[in-house]
Structures are given as C-alpha cells and as structure tokens.
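Inside the fold
Each chain, written out:
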Amino acid sequence: MRSYVCSCENPVPPELESVGRCVKHFISSVEETCAQMHREIVLHGVDGERQAAVARYVVECTQLLARVSSNLRLTDELKRRILSSFLCLMNLRDTLDRVRSVHPVAHRPSGLPAVAGSVVAVG
Ligand SMILES: [Zn+2]
C-alpha cells in the first residue's frame, strides 16, 4: 500500500505521510478497497489470516481518517466523503463479523435469503 504515492498536486498532510497520499486520494483508495474487500468476503469467505488483515485495515484507516478530520481544515465535499468512508469501513467491519459468526469457507448454494440480524451465533 505504501508503494502508491500520490502523483497529483495536492499536498500530502503529515497525518497521511505513512500512506503517501493526499486527503482526496486517500479517501478514494479507502472506498475502493472497502468495496473490493466486501465483495471478496461475501463471495469467497475469509480465512483467519485474511480476517485479521481486513480488521487491521479497518482500524488503521479509521484512525487515519479520524486524525485527518480532527486536524485539518477540509472542504465540505471532503467532509462528506470522509463521512461516507467511515460508513464504508463500519459496514466492512459488520460484514467481517457476520461472516465470522456464520461459516467461513463453505460455498452455499445461491438463492438463500440474506436475512440480517437473526443469524448471530450464541456462545
Ligand atoms: Zn492525490
């Protein structure tokens, strides 16, 4: 992830030096990555290692976004995009938890209704 360095003209703030991106492109990358990971988890399930990696990604991005949004002056558009990125990350986290509490790898036949909320395993 660190190998992508922003080549646009926007400055990379100190908060995002670790990822080498400007605010705008960091947000885009978070949204894209969340969508990709979400698809991957829903379609293929995840093993333990991947779960940990995705969970770590969610935590890191959430912290970076929180730092950016509390330290920097942002345009209204960027504020809105940051909020929607938070939402992407929270939804990804939910997806991860749901997959973990059901069955990780089994390939179910399609056509099963995706009922949310009522399938949480107890114990
Ligand atoms: Zn950029």
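This part takes up the nonpolar core. Among the nonpolar cores identified, the biggest contains 19 residues, and F26, V30, C34, V54, L89 and L92 are the most heavily contacted of them. Take this core: its biggest share by element is seven residues, from helix 1 (residues 23-44).

For the rest of this paragraph, the subject is the confidence of the model for the protein. Across the protein, pLDDT averages 84, with 77% of residues at or above 70. Taken as a whole, residues 116-123 scores under 50 in pLDDT and shows three contacts with residues more than four places along the chain or in a different chain.

Let us look at the environment of T62. With respect to the element layout, T62 can be found in helix 2 (residues 48-71). Separated by 28 residues in sequence, T62 and M90 place their C-alpha atoms 8.8 Å apart. Other than its neighbours up to four places away in sequence, T62 contacts F86 and L89.

Conventions adopted
- Residues numbered from 1 in each chain as written.
- Predicted model: local features only at pLDDT ≥ 70, side-chain atom pairs only at ≥ 80, totals over all residues.
- Core = buried A, V, L, I, M, F, W, Y, C linked by C-beta atoms within 7 Å.
- Buried ≥ 20, exposed ≤ 12 C-beta atoms within 10 Å, placed from the backbone.
- Helix = DSSP H or I, 4+ residues; strand = E, 2+ residues; numbered from the N terminus.
- pLDDT = per-residue confidence, 0-100.
- Contact = placed C-beta atoms within 7 Å.

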